[in-house]
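In case you want the letters, here they are:
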Amino acid sequence: MELYFSPLACSMATRIALYEAGANARFVQVDGKTKRTREGADYLAVNPLGLVPALRTDEGELVTENAAVLQFVADRFPDAGLAPPTGSPISLGRTRLQQWLSFIGTELHKALFVPLLDRKAPDAAKTYTLEKGQSRLTYLDNYLAGRDYLLDRFSVADAYLVTVLNWNIATPVDLARWPALKDYYTRMRERPSVARALAEEHALYAEEQARHKAA
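Residues numbered from 1 in each chain as written. Predicted model: local features only at pLDDT ≥ 70, side-chain atom pairs only at ≥ 80, totals over all residues. Heavy atoms only, no water.

Peer 1: Whenever I open this one, the environment of Glu131 confuses me. Can you help?
Peer 2: Looking at where Glu131 falls in the secondary structure, it is placed in helix α4 (residues 123-144). According to the relative accessible area criterion, Glu131 is exposed, its value standing at 51%. (Helix = DSSP H or I, 4+ residues; strand = E, 2+ residues; numbered from the N terminus. Buried < 20%, exposed > 50% of the residue type's maximum accessible area, 1.4 Å probe, protein only.)

Structure (structure tokens):
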């Protein structure tokens, strides 16, 4: 199994999930700027969109899109309990997982943090994005009050959420305004799989930035 990732990007959620599952995988770093791997290969030949994550399965199939990759990992390693089981009749638990993956992907990842992280976005656009995003963060804060996880235990949705919330360090999003959300983020960062992934990817990100400056 191969995971194509960029340091501190949303692909880190899959790294966390793999660590939770104790799974063996080869991690292939993709430079988000050049779209080339550390080995110099053209990542666009793997995924023409140039986006991460992309997961090459043991059978040679390529899976893209974060929510799909995360659920694939959860289903490949069911003993890790990273997702409610699928089955008939329809599993409400699995529906809830998909609900949260969709919320994180659309309302936080793409709608809030991507515009705030865009260096070319006008300041007025960022101000509007931040104002609009506050209701999403308030909704999440209210939901997490008194809860340890998004579901009844740690799942791939939590791996995705802590990855996205980590981007607050590079944006004007101040989690202190949402106490339950900040507490959740702090606790998740202390989880061994998350702490390991953050430490590794922060180091890889620093190395990548140094290469860009030296180029």
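Peer 1: Which parts of the structure should I look at to understand helix α1 (residues 12-21)?
Peer 2: Structural remark: α-helix, 3.6 residues per turn; residues separated by three or four positions point the same way. A large share of α1 lies buried, amounting to eight of its ten residues. Among all positions of α1, only Met12, Ala13, Thr14, Arg15, Ile16, Ala17, Leu18 and Tyr19 are buried. Gly22 occupies a position one or two residues after α1 and carries a positive phi of about 65 degrees.

Peer 1: Explain the sheet that holds strand β1 (residues 2-5) to me, please; I cannot follow it from the model alone.
Peer 2: Backbone-to-backbone hydrogen bonds join strands into a sheet, with any given pair of strands oriented parallel or antiparallel. With respect to topology, four strands assemble into an open sheet ordered β2-β1-β3-β4, the strand pairing being mixed. Two strands in the sheet have a free side with no partner beyond their single neighbour: β2 (26-29) and β4 (62-64). The mean angle between the axes of side-by-side strands here comes to 20 degrees, regardless of whether they run parallel or antiparallel. Against the sheet, α1 touches β1 and β2, its axis set at about 150 degrees to β1. Sheet strands touched by helix α2 (residues 66-76): β3 (54-56) and β4. Its angle to β4, the strand with the most contacts, is close to 125 degrees. (Pairing = 2+ DSSP bridges. Axes fitted to C-alpha atoms, helices over the stretch in contact; angles between N-to-C directions. Contact = heavy atoms within 4.5 Å.)

Peer 1: Even after reading the chapter, I still don't get the nonpolar core, so can you show me in this structure?
Peer 2: For soluble globular proteins, the rule of thumb is that nonpolar side chains tend to be buried together. Core analysis: the biggest nonpolar cluster contains 57 residues, and Ile16, Leu108, Leu140, Leu150, Tyr160, Leu161 and Leu181 have the highest contact counts within it. For this core, the secondary structure elements donating two or more residues are β1, α1, α2, α3 (92-117), α4, α5 (156-165), α6 (179-190) and α7 (192-214). Beyond its immediate chain neighbours, meaning those up to four positions away, Leu150 contacts Trp100, Ile104, Leu140, Tyr143, Leu144, Ala157, Asp158, Leu161 and Tyr184. If you look at the next biggest cluster of nonpolar residues, it comprises seven residues, including Ala9, Val28, Val52 and Ala54. (Core = buried A, V, L, I, M, F, W, Y, C linked by side-chain atoms within 4.5 Å.)

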